[in-house]
Amino acid sequence: MTSSPIATSITQLSLELESTKILRSVLSQSLQDLSDERCRFVPRDALIKAISKEVVNNFLQIYVNSGGQQLATNALADTICPPANTCRCSQPRCTGGRIIFVTLLALSKENLITSFLSEPATCDASLPLLSQEGAGSQHNLPEAFQQLTSEERIRFIHFTWQMRSPFIEGFALEKSNTVEPGTILEYESNASLPWTHLNGERDTQESEEEELTRVEKVKIHPAHRDPDRLEGDLALKTFLERRLASLAEQSYKHEVQANHKTRQHERVVPLLAAFKHRGRFHLLLPWAHGGNLGQLFQKYATRESIARRGQQIANWYSEAWLLAECCGLADGLAAVHEADDTQHARTSAQIHADIKPENILCYASGNGGHGPFTLKLADFGEAQEVRAATRDVEVHRVAHTKTYRPPEHDTEDFLTLNYDVWCLGCVYLELVTWAIGGYALLERFENDRFEERDDGKVTTAKGDVRADTFFKKAAEAPGLASILSMTFGHRITTRFNTEDSRKAARRRHTWWFEYTGSRVKSLVKSGVKLHIQRLRELCVSPTLKRFIDFIDSKMLVIDPGARASSVEVRSFLDGLRRS
């Protein structure tokens, strides 16, 4: 018995209404692509909720009743909406055939649902996601794809990408010594990254015109992230291309490898994920709600210091906090300086090479992100692995931090792990300065350093050259060492007097002397020494005075061989805390 034209029309209208209802339910759950306002994406869990087995089965029944092909609706609904982690492709997080189903509804191609999903190898996981040769081409799709026109194929691929946001993978706890190309994920440019929050809180390492990296706060949709490693607020570090196209990629690979070679430690900011998307390289790290140490100096004032306008009083500050955090940083640096072949295989000793307040992050441990803070070492973009036998590295491989670099960077051929101890000593001195005298005293200290110049006898620079460093270069006074390093020579020149008829010959004896040894030495700037003495006078705590003395005598030492190691710094501070 055939249906009347009116009944058929009503059934067809019901099919169209049901299709529209399903599409609206999916689109209503879509979110803005925060990296590209032209795009949107449908979260995985929203897709699964909107396209349930009941919804699909109901639609298929209406389709059959409208005169469509006879279907085993229950079996097809099971294929489209399998229970979690039970898709026939055996891939975790596969959405079954939901994406294909929704896309065909959007194209009004309900008649191809069975054709697309009848092949055992075809499901949503077979659609293109990661960069691979041929992704999105015909050989990756079922034969039913051939029945679409060229325009429909383009629309098909466009619709599927809106439901194919990637699952952001976190690094496994185990680390490898090298980063193989395949271990760094590259997400397809057509896929929207599943950010639910991306704002303008930025931290750049250079001026806006010359910035090489940009850091933004981001949140990942819960259905698209590793639940154990990528929860909450994260820092998205993006490597920007400014001068050389290859510089961003080189910097990215170097920092990923340096992080993988570093021992895991609670005082070292962990690298959570790394990937490439739309031509740019990105890292994911925990977001520091307190910013960096330099920002903390500006935002807070201790009760002992004078607060400036706009500064908050750091009620959480105490001497115990300062010593605990400095000890923690030293412990973290000692972990960076030590290879570990037992707990985490193939980690190696490295010079961090870029310790400064901006690379020490402040993680809030309470009070809504306002302190107290846990300080952690961050940014391994300049780190260099030392040679196992000699525990040093060639100086040309280390890009210096202008203010906090130690003197040996300018005078030696090789650098040791104690390079970092000088840098950490500079940071410690600024931290103690902030604790005692606030940001105003910090600015005065910076100005004192800046005003003190190198000895004019040892520089070829023209004009008034100043630099904010903790040391200066001076001419070495002549002494026995200078005499021993002296070279000399004797030259005889013979000249004939052409006006003399006898053409008498005259000999000239010339003696020359030259210093071949170095006549340049480095000194801790007198402004730094005077500032340390000023801190001793202002400080009322005997414990902090001992800390200041240690910084002066064991960390800010010109000779790196006489400088304390990171382990010795940790041991001293641990003992000081317990005293």
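Data block above holds the structure.
First, a word on scope: everything that follows refers to the structure included in this document.

## A short note on the pairing of strand β6 (residues 234–239)
Regular strands place their side chains on alternate faces of the sheet.
Then, number 1: The buried count for β6 comes to six of six residues, which makes it a mostly enclosed element.
Then, number 2: Burial of β6 is two-sided: the residues Leu234, Leu236 and Thr238 facing one way and the residues Ala235, Lys237 and Phe239 facing the other way are all buried.
Then, number 3: Alignment of strand β5 (residues 213–220) against β6, held across six bridges, turns out to be antiparallel. By the bridge assignment for β6, arginine 214 is matched with threonine 238.
Then, number 4: As paired elements, β6 and strand β8 (residues 280–286) share six bridges and run antiparallel to each other. Looking across to β8, one finds that lysine 237 is bridged to leucine 283.

## So, the nonpolar core
Then, number 1: Core analysis: the largest hydrophobic core is formed by 68 residues, its most contacted members being Leu322, Tyr428, Trp434, Phe547 and Leu573.
Then, number 2: Where this core is concerned, the elements lending two or more residues are α9 (293–299), α10 (319–337), β12 (360–364), β13 (373–377), α12 (418–451), α14 (526–538), α15 (542–555) and α16 (566–578).
Then, number 3: Ranked by the residues each element gives to this core, the list is headed by α12, at 18 residues.
Then, number 4: With residues up to four places along the chain from it excluded, the contact list for tryptophan 434 reads Leu296, Phe297, Tyr300, Ala301, Thr302, Ser305, Trp316, Tyr317, Trp321, Tyr439 and Leu442.
Then, number 5: Grouped together as the second largest cluster of nonpolar side chains are 34 residues, Leu15, Val56, Leu105 and Phe145 included.

## Things to note about helix α7 (residues 150–161)
Given 3.6 residues to a turn, an α-helix orients residues that are three or four positions apart in the same direction.
Then, number 1: Spanning 12 residues, α7 covers 17 Å between terminal C-alpha atoms, matching the ideal 16 Å at 1.5 Å per step.
Then, number 2: Buried within α7 are the following residues: Glu152, Arg153, Phe156, Thr160 and Trp161.
Then, number 3: In the core, the buried residues of α7 are packed alongside α5 (98–106) and α6 (113–117).

## Some words on the pairing of β13
Then, number 1: Alternating positions in β13 separate cleanly, Phe373, Leu375 and Leu377 being buried on one face and Thr374 and Lys376 remaining unburied on the opposite face.
Then, number 2: Pairing between β12 and β13: five bridges, direction antiparallel. Among the inter-strand pairings, leucine 361 is bridged to a residue of β13, identified as lysine 376.

What counts and how
Residues numbered from 1 in each chain as written. Predicted model: local features only at pLDDT ≥ 70, side-chain atom pairs only at ≥ 80, totals over all residues. Heavy atoms only, no water. Buried < 20%, exposed > 50% of the residue type's maximum accessible area, 1.4 Å probe, protein only. Helix = DSSP H or I, 4+ residues; strand = E, 2+ residues; numbered from the N terminus. Pairing = 2+ DSSP bridges. Core = buried A, V, L, I, M, F, W, Y, C linked by side-chain atoms within 4.5 Å. Contact = heavy atoms within 4.5 Å. Expected span 1.5 Å × (residues − 1).

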